[in-house]
Amino acid sequence: MSDKTSRPNILFITSDQQRGDCYGFRGRKVHTPHLDMLASEGTSLETVITPCVVCQPARASILTGLLPRTHGVHDNGIDLDPELGEKGFAGSLSAAGYHTAKIGKAHFSTYHTFSNTGTIESIPGSADVPPGWRGPYMGFEHAELILVGHNWWLPEKPPAGLAYEEWYYADGRGDMKNKLLWESHRDHKGAPQVWSSRLPVAWHNSTWIADRAIDFLKQERDRPFCLWVSFPDPHHPFDAPEPWASLHRPEEVDLPEHRSRDLEGRPWWHKAALESEIPDEHRELRQKYSRFPEVSDEHLREIIANTYGQIALIDHSVGRIMIELEQQGLADNTYVVYSADHGDWLGDHGLVLKGPMPYEGLLNVRAIVKGPDVPKGKVSHEPLSTLDLGPTFMDWAQADSLIETHGKSMRDVISGDGTREAALSEWELLPGRVGVGLSLRTVRSRTRKLTIDLKSGAGEMYDLAQDPNELKNLFDDPAYRDMQAELTDILMQRPDDIRPNGTPVGMA
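Residues numbered from 1 in each chain as written. Predicted model: local features only at pLDDT ≥ 70, side-chain atom pairs only at ≥ 80, totals over all residues. Heavy atoms only, no water.

Draft legend 1. Local environment of the overall build of the protein. Scanning the protein from N- to C-terminus turns up 17 helices and 14 strands. The globule rule puts the C-alpha radius of gyration for 508 residues at 23 Å, and the 21 Å found for the protein is close to it. The principal-axis extent of the C-alpha atoms belonging to the protein is close to 65 × 50 × 45 Å. Restricting the contact set of the protein to residue pairs at least 6 apart, pairs at least 24 apart contribute 72%. (Helix = DSSP H or I, 4+ residues; strand = E, 2+ residues; numbered from the N terminus. Rg over C-alpha atoms; globule rule 2.2 N^0.38 Å. Contact = heavy atoms within 4.5 Å.)

Draft legend 2. Examining the packing of aromatic side chains more closely. For the coordinates displayed, the defined rule picks out 20 aromatic pairs. On the numbers, 5.3 Å between centres and 65 degrees between planes, the contact of Tyr164 with Trp208 is edge-to-face. Placement of Tyr164 in helix α8 (residues 163-169) and of Trp208 in helix α10 (residues 205-218) is noted, with a sequence separation of 44 residues between them. By relative accessible area, Tyr164 is classed as buried at 4%. Look at Phe238 and Phe292: their rings are 6.3 Å apart centre to centre, the planes differ by 85 degrees, and that puts the pair in the edge-to-face class. (Phe/Tyr/Trp six-rings, centres within 6.5 Å; stacked < 30°, edge-to-face > 60°. Buried < 20%, exposed > 50% of the residue type's maximum accessible area, 1.4 Å probe, protein only.)

Draft legend 3. Local environment of the environment of Ser206. Turning to its location among the elements, Ser206 is positioned in helix α10. When sequence neighbours within four positions are dropped, the list of residues in contact with Ser206 reads Phe231, Asp233, Leu313, Ile314 and Ser317.

Draft legend 4. Main features of the pairing of strand β4 (residues 99-105). When you tally the buried positions in β4, you get seven out of seven residues, the bulk of the element. Examined bridge by bridge, β4 and strand β6 (residues 225-234) share six bridges and lie parallel to one another. In the strand pairing of β6, Lys102 is matched with Trp228. (Pairing = 2+ DSSP bridges.)

Draft legend 5. Region of the structure containing the sheet that holds strand β12 (residues 438-444). Judged by pairing direction, the sheet is antiparallel, and its four strands sit side by side in the order β11-β12-β13-β14 without closing on themselves. The sheet is open, and its two borders are formed by β11 (423-429) and β14 (459-463), each paired with just one other strand. Strand-to-strand, the axes of this sheet are offset by a mean angle of 10 degrees, without reference to chain direction. As judged from the seven bridges shared by β11 and β12, these two strands associate in the antiparallel manner. What sits directly across from Ser425, in β12, is Thr442. Against the sheet, helix α17 (residues 481-491) touches β11, β12, β13 (448-453) and β14, its axis set at about 65 degrees to β13. (Axes fitted to C-alpha atoms, helices over the stretch in contact; angles between N-to-C directions.)

Draft legend 6. The sheet that holds strand β5 (residues 142-146), seen in detail. The eight strands are arranged β5-β4-β6-β1-β7-β8-β2-β9 in an open sheet whose pairing can be described as mixed. Each edge of the open sheet is held by one strand with a lone partner, namely β5 and β9 (378-380). On average, adjacent strands in this sheet sit at an angle of 10 degrees to one another, irrespective of strand direction. Where strand β2 (residues 43-45) meets β9, three bridges bridge the pair, whose relative direction is parallel. Bridging across to β9, Leu45 finds its partner in Ser380. Each of β4, β5 and β6 touches α10; the most contacted strand, β6, lies at about 170 degrees to it.

Draft legend 7. Quick look at the pattern of salt bridges. Enumeration over the complete set of coordinates arrives at 41 salt bridges. With a shortest N-O distance of 3.1 Å, Arg69 and Glu428 are connected by a salt bridge. Here Glu428 lies in strand β11 and Arg69 lies in helix α4 (residues 68-71), a separation of 359 residues in the sequence. Both residues of the pair, Arg69 and Glu428, belong to the buried class. The salt bridge partner of Arg223 is Glu141, with a shortest N-O separation of 2.7 Å. One end of the pair, Arg223, is in the loop between α10 and β6; the other, Glu141, is in the loop between α7 (123-126) and β5, with 82 residues separating them in the sequence. The partly exposed category is assigned to Arg223, whose relative accessible area is 26%. Three or more residues are tied together by salt bridges with common partners; here these are Arg69, Glu426, Glu428, Arg441, Arg494 and Asp497. (Salt bridge = Lys/Arg side-chain N within 4 Å of Asp/Glu carboxyl O.)

Draft legend 8. Here's a closer look at the packing of α10 against helix α13 (residues 297-327). As a packed pair, α10 and α13 sit with axes 9 Å apart at the nearest point and diverge in direction by 10 degrees. Compared by their axis directions, α10 and α13 come out roughly parallel. Residues Ser206, Thr207, Ala210, Asp211, Ala213, Ile214, Leu217 and Lys218 of α10 touch α13, and the partners they reach there are Leu313, Ile314, Ser317, Arg320, Ile321, Glu324 and Leu325. Residue composition of the contact of α10 with α13, grouped by class: eight nonpolar, three polar and four charged. (Parallel < 35°, antiparallel > 145°, perpendicular 65-115°, else oblique. Nonpolar A, V, L, I, M, F, W, Y, C, P; charged D, E, K, R; others polar.)

Draft legend 9. Expanded view of unusual backbone geometry. In the segment running from Pro158 into Pro159, the intervening peptide bond is cis, with an omega of 15 degrees. By the element assignment, Pro159 lies in the loop between β5 and α8. A cis amide bond, omega 5 degrees, links Glu242 with the succeeding residue Pro243. Along the chain, the position of Pro243 falls in the loop between β6 and α11 (268-275). A positive phi is found at Glu470, a non-glycine position, where the angle reads about 55 degrees. Here Glu470 is to be found in the loop between β14 and α17.

Draft legend 10. Structural view of the environment of Glu470. When its relative accessible area of 3% is taken as the criterion, Glu470 is described as buried. Considering only alpha carbons, one finds Glu470 and His112, 358 residues apart in sequence, at a separation of 34 Å.

Draft legend 11. A look at the packing of helix α2 (residues 33-40) against α13. As a packed pair, α2 and α13 sit with axes 7 Å apart at the nearest point and diverge in direction by 55 degrees. Viewed along their axes, α2 and α13 adopt a mutual orientation that is oblique. The residues of α13 that touch α2, namely those facing Pro33, His34, Leu35 and Leu38, are Asp315, His316, Val318, Gly319 and Met322. Among the residues making up the contact of α2 with α13, the classes are represented as five nonpolar, three polar and one charged.

Okay, structure coming up:
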């Protein structure tokens with residue numbers, strides 16, 4: 001039996017900033033037939049915690065299996081050390097004989113840098129990447145990357161940009177595409193960062209990523225593969241292209257049950273994160289792009305409808321990839337995993353986007369798993385982490401990790417009756433994000449959650465079984481002293497391998 005057939009393939013698909021509940025099969029009014037089918041044919045993991053609720057730390061943790069304070073990317077704007085990144089799950093699987101590839105968004109290094117860092121993913125550094133470059137990168141033998149991918153910014157014109165931008169401008173129609181990209185097909189009633197893009201879907205980055213993944217699956221190979229397909233949506237701005245932007249009617253989308261800002265009884269940093277003055281070098285971008293205003297129900301409906309459109313296009317793309325997997329005869333020997341780097345508040349507690357309030361919509365990304373020994377229709381609520389993905393891949397592949405990880409294989413939970421006590425998340429915020437520095441640590445058990453700012457000692461704690469909307473902060477409530485002590489004890493068991501704070505080289 002050849003290595004190609006004896007060891008399984010791994011197809012890992014992620015979206016960016018997709019809430020763990022924004023799937024049709026989980027009850028939201030979003031059109032996700034292919035992901036719904038994937039869940040029905042596999043296992044749904046209902047409690048999968050992101051190690052950090054913003055992009056760069058979360059993605060570095062997925063790759064390395066390490067918590068952010070250990071791999072060093074403890075906030076956006078800090079680059080992952082390539083020496084460490086190359087020893088993550090991709091490098092480990094490559095060393096074990098797998099063909100490893102990354103298609104789409106990587107974001108292991110900072111895009112918007114204060115000066116030229118020379119990294120492949122920095123906007124100025126990308127201009128020095130040779131045309132046709134396709135890796136290797138961070139342990140992946142093959143890399144077809146998109147730079148940024150969020151259309152608040154136009155795709156970088158060559159010689160800047162990476163594989164997607166090179167393709168986007170290659171036919172000489174780049175300026176025409178850019179004009180269409182920022183035009184809106186219809187009025188969205190002034191909702192912030194919302195438009196229905198006129199860019200034809202064939203040129204959209206979600207379509208390109210699916211096309212490149214399909215091409216990868218068609219390639220002849222004599223060894224198993226691990227492919228990470230990474231979509232930049234449904235991250236803001238909410239710019240789904242037509243006809244996907246009109247698939248969900250704003251008046252029919254589901255709104256959060258509790259959608260007004262409630263700062264009373266919350267730790268001090270909730271208010272500070274919304275109101276503190278941001279340092280000069282960060283202020284304009286944060287105020288226009290990432291510090292979102294409180295929105296009306298009318299505007300929130302527009303935001304959710306377009307977010308659903310972005311997700312539906314990804315779902316369609318996943319369907320295309322899954323069809324190709326079957327047509328190539330690979331489906332029976334391939335593990336498929338779908339998840340996200342982090343979520344979005346999407347109106348919960350009157351908030352949109354992300355920040356240092358780790359409510360469930362932001363923290364719990366959940367996951368879907370399908371594969372050779374994965375039960376069909378199983379639902380697990382064990383507290384897992386995206387830190388555990390890499391170790392799980394290596395377990396399936398019978399490969400050894402090149403580094404010691406915090407993550408642990410989920411295989412015993414997915415395919416057996418394994419249990420977990422809790423999962424950890426952390427974020428060492430630099431003041432440039434929200435105007436205040438914080439040292440946040442979160443522990444999430446099956447039904448309880450505690451977050452502490454180690455600098456001030458303030459915190460928040462919720463009994464999710466009794467209070468799923470996280471309305472009553474139980475931190476320092478004498479009636480819940482034992483619960484707080486138990487969760488604090490778990491939090492303080494974090495391995496003692498924390499690196500010194502890093503120096504930001506840019507915004508994100």
